[in-house]
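# Analysis of the macromolecular model
Each chain, letter by letter, is given below.
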Amino acid sequence: MADPTTNRPLHPARPTLSRFRRMRPTTGKSGQFGIAFWLPLAWLFLISFTAIFAPWIGIQDPDSLDFVNLQTPPNDAHLLGTDHLGRDVLARVVYGARVSLVVGFCAPVVGMLLGLPIGMIAGYFGGRIDGFIVGSIDTFLAVPGLVLLLLFSLIFGGSLLVVTVSLGLLFIPIFSRISRAATLSFKSSEFILAARTIGANDFNILVRELLPNVVLPVLAFGLVAVASAIVVEGALSFLGLSVPAPHPSWGGMIAGGREHLEESPHISVFPAIVMFLTVLSFNLVGDTLRSRFADVREAAI
Amino acid sequence: MRYLLKRVRRLVVVIFAVTLFTFLLVNVLPGDVAYDIAGQDASEEEVQAIRADLGLDRPVMVRYAEWLGDFVQGDWGRSFRTDEPVVDAILSRFPVSLELMLVAQVFALILAVPFGILAAYRAGRTVDRTIATAGFMSLSVPSFMAAILLILVVSLNLGWLPTSEYEPLSAGLWANLRAFILPALAIAMAEWVVLMRVLRADMIGVLQQDYISLARAKGLPVCHVILRHALKPASFSMITVLGLQIGNLVGGSIIIESIFALPGVGRLLINAIYARDFIVVQGVVVFIAFAYVLVNFIVDLLYAVLDPRIRTERADG
């Protein structure tokens, strides 16, 4: 692997994906957002709305057990059926969305808050500081993310806070790389030189001149980060290492339906479909926005 | 040569840092092993005795130095639960993980190469867009979800591949391989997209070269030109990515191994975590990190061997 943290092109023979991205149908030719942008966005609003307002819009209690209706397929009383304990699958999907969305949004924010300054400092000061930061990040990356998460959950136990923070830590490398690259590309611009000649110190230059330019590409990556945070949280809760057991989560529901896959597949399949659509939507919306901003940035340079 | 030395130095530093980090994490932070072993109703004296027995009452850095010394000599400690030496536990399970990884990459290649070529050949057309969309959707399916859906559709509904127990290679090639088909497919679902995109992007570049036009002008059939003239130069980056993915997969197949009950390194780690078997967790994490860094190192070197520009460029950087 060519060192991806330096600003040099990865490798002369390595392809850039930008050509590919521009041809993708979701991007739209003249920058107009198509149905591949609005439809996923609508889905995300629907999911967020029901998750936030679940108790007030007639969603059942996700923990109430209906012993008469165990593992019933979808019907009028239970739109998506019930699981092996007679709990309403729809209610659990909606309440599970709360976990996924909280972790999905908060973890990238944690990663951004820590990774952005680290990357900017590395890019701005260069030299030994840069070398140290890049080296540390490389070391951090030597342990695969999921392994690190499992390690954290072993030591600190599984809870919403632990999962969010440790997942957030995993986002530090990617965010600091993006902000470092952006900082490097703006560092030698005229407006930085201008700020310095009128006597701005390093801190002022970093916060007032560079930050507004760096924040855009970082935010553009944000939604894609949300999608991957949801996937990883799903993996953790699938393994039973995220939020504790009776609490509904998508990964946990998919895992819970495993033993009943043959006679009542709906227990696993519905949360899987909802999770797939949500991840796909974040990817589609995020990718559209990212290619938009990335193009703007390329044009600006 | 200078390049090689620089890379080796970096490799050693990273490995050292990973061992230190893992050791500190497992040993300093809450959740003392001694309490775990002693059980819930153990008295404080019993816990202290176990602690002294394991040497946990000494300073952390002393223990780290000692552990590192043993570690270098191949003594990674013994499991608290099963008393099995950690090195043996890992090495006996590693072939399973390796086989899963290889089968998965073969599946990924089987999907990536034809679709990548097709997408590049018809770049921007409907076929290309369809493949891109399919890839995008495929990437949005988490591997554990793919695994569950594959079990549901292939094993239960179609009844093609009943979820089978893992059989060692000595039980016959097919008996051994069939247990890997579904887990490998679940992993390949995401991997193939990355490979396909890289191949497509390179292939588009290669197809614009003059010698391809010449070959076509000579009247050679499209198939022949693509497979014999274009595929090789276009697959260089893809092979690199393939190598990097192998590094990722060493740790990435944890969930798949545990879903399909494959006795690999990932399942060893998960079970050790459920059992709070710290010594095994520590060993596996270091092993996975080591494998990952080593694969990256080898890919890096291959890069330098294949492209002399890198050797000079990076030596000073």
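Let's shift gears to the overall build of chain B. Counting its regular elements, chain B contains 15 helices and zero strands. When burial is assessed residue by residue, chain B has 46% of its 317 residues classed as buried. Long-range contacts, defined here as pairs at least 24 residues apart, represent 71% of the contacts in chain B between residues at least 6 apart. For chain B, the accessible area works out to roughly 15,100 Å², and carbon and sulfur atoms hold 64% of it.

A word on the overall build of chain A. Within chain A, the secondary structure is distributed over 11 helices and zero strands. Listed N to C, the secondary structure of chain A is α-α-α-α-α-α-α-α-α-α-α in terms of helices and strands. When each of the 301 residues of chain A is scored for burial, the buried share is 49%.

Our focus in this paragraph is the nonpolar core. Ranked by internal contacts, the top residues of the largest apolar core, which has 131 residues, are Leu150(A) and Leu269(B). The leading source of residues in this core is helix 9 (residues 202-238) of chain A, at 15 residues. Leu150(A) has contacts with Leu236(A), Leu239(A), Leu241(A), Ile254(B), Leu269(B), Ile270(B) and Ile273(B), leaving out every residue within four places of it along the chain. Among the nonpolar cores identified, the runner-up in size contains 25 residues, and Ala108(B), Ile131(B), Met203(B) and Leu242(B) belong to it.

The next thing to look at is the pattern of salt bridges. All names here are of chain A. Scanning the entire structure with this criterion turns up three salt bridges over all chains. Across the pair Asp-130 and Arg-180 runs a salt bridge whose closest N-O atoms are separated by 2.7 Å. Of this pair, Asp-130 sits in helix 4 (residues 127-141) while Arg-180 is found in helix 7 (residues 172-187), placing the two residues 50 residues apart along the sequence. Summarising the burial analysis for this pair, Asp-130 and Arg-180 share the class buried.

Any region with low pLDDT has predicted coordinates that should not be read closely. Per-chain confidence: chain B averages 81 in pLDDT, with 88% of residues scoring 70 or above. Confidence estimates for the predicted assembly give a pTM of 0.82 and an ipTM of 0.80.

The next subject is the packing of helix 5 (residues 86-121) of chain B against helix 13 (residues 265-274) of chain B. Residue and element names in this part refer to chain B. Running from N to C, helix 5 and helix 13 point in directions that differ by 130°, and their axes come no closer than 7 Å. The angle between helix 5 and helix 13 falls in the class oblique. Counted together, Ala-89, Ile-90, Arg-93, Phe-94 and Ser-97 of helix 5 and Val-265, Gly-266 and Leu-268 of helix 13 form the full contact between these two elements. Classifying every residue of the contact of helix 5 with helix 13 by side-chain character gives five nonpolar, two polar and one charged.

Right, let's get into helix 4 (residues 60-72) of chain B. Residue and element names in this part refer to chain B. The terminal C-alpha atoms of helix 4, which comprises 13 residues, lie 18 Å apart, in line with the 18 Å expected from a rise of 1.5 Å per residue. Among the residues making up helix 4, those that are buried are Arg-63, Tyr-64, Trp-67 and Phe-71. Buried positions in helix 4, seen along its axis, are confined to an arc of 100° and lie on one side of it.

Here the focus is the packing of aromatic side chains. Within the structure shown, the criterion is met by 18 aromatic pairs over all chains. Following the ring pairs from residue to residue traces out a cluster consisting of Phe16(B), Phe23(B), Tyr64(B), Trp67(B), Phe71(B) and Trp76(B).

Along the chain, the position of His247(A) falls in the loop between helix 9 and helix 10 (250-256). With sequence-adjacent residues up to four places away left out, His247(A) is seen in contact with Arg92(A) and Val99(A).

A cluster of nonpolar side chains, namely Phe49(A), Ile52(A), Phe53(A), Trp56(A) and Ile57(A), defines an oily patch on the protein surface of about 560 Å² accessible area. When you line up the elements, Ile52(A) lands in helix 2 (residues 35-53).

Let us now look at the environment of Gly286(A). Residues and elements named next belong to chain A. Among the structural elements, Gly-286 can be located in helix 11 (residues 266-300). For Gly-286, a relative accessible area of 0% translates into the label buried. When the C-alpha atoms of Gly-286 and Gly-222 are compared, they prove to be 7.4 Å apart, with 64 residues separating the residues in sequence. Once you skip the residues sitting within four places of it in the chain, Gly-286 turns out to touch Ala-220, Leu-223 and Val-224.

What follows is about the packing of helix 8 (residues 190-197) of chain A against helix 9 of chain A. All names here are of chain A. Packing of helix 8 against helix 9 leaves a shortest axis separation of 11 Å and a crossing angle of 165°. With respect to each other, helix 8 and helix 9 are oriented roughly antiparallel. Of the two elements, helix 8 crosses helix 9, and the hand of that crossing is right-handed. Here helix 8 contributes Phe-191, Ile-192, Ala-195 and Arg-196 to the contact with helix 9, which in turn contributes Ile-205, Glu-209, Leu-210 and Asn-213.

Moving on, we come to the environment of Phe107(B). Residues and elements named next belong to chain B. Mapped onto the fold, Phe-107 is located in helix 5. In this structure the C-alpha to C-alpha distance between Phe-107 and Ala-184, which are 77 residues apart in sequence, comes to 7.2 Å. The residues touching Phe-107, leaving out its near neighbours within four places in the chain, are Ile-181, Ala-184, Leu-185 and Ala-188.

So, about the side chain of Ser140(B). With respect to the secondary-structure elements, Ser140(B) resides in the loop between helix 6 (126-139) and helix 7 (143-157). Within the structure, the side chain of Ser140(B) is placed 3.1 Å from the side chain of Asn283(A), a separation counted as a polar contact.

Looking at the element boundaries, Ser176(A) is found in helix 7. Leaving out residues up to four positions away in the same chain, Ser176(A) has contacts with Gly115(A), Ile118(A), Gly119(A) and Ile137(A).

Criteria and thresholds
Residues numbered from 1 in each chain as written. Chains lettered and ligands numbered in written order. Predicted model: local features only at pLDDT ≥ 70, side-chain atom pairs only at ≥ 80, totals over all residues. Heavy atoms only, no water. Helix = DSSP H or I, 4+ residues; strand = E, 2+ residues; numbered from the N terminus. Buried < 20%, exposed > 50% of the residue type's maximum accessible area, 1.4 Å probe, protein only. Contact = heavy atoms within 4.5 Å. Areas by Shrake-Rupley, 256 points an atom, 1.4 Å probe, with all protein chains shown as cover. Core = buried A, V, L, I, M, F, W, Y, C linked by side-chain atoms within 4.5 Å. Salt bridge = Lys/Arg side-chain N within 4 Å of Asp/Glu carboxyl O. pLDDT = per-residue confidence, 0-100. Axes fitted to C-alpha atoms, helices over the stretch in contact; angles between N-to-C directions. Parallel < 35°, antiparallel > 145°, perpendicular 65-115°, else oblique. Nonpolar A, V, L, I, M, F, W, Y, C, P; charged D, E, K, R; others polar. Expected span 1.5 Å × (residues − 1). Arc of directions from axis to C-beta. Phe/Tyr/Trp six-rings, centres within 6.5 Å; stacked < 30°, edge-to-face > 60°. Patch = residues over 30% accessible without salt bridge, like charges linked within 9 Å, V, L, I, M, F, W, Y side chains within 5 Å. Left-handed = near helix turned anticlockwise from the far one by under 90°. Polar contact = N/O pair within 3.5 Å; in protein donor to acceptor, adjacent residues only side chain to side chain.

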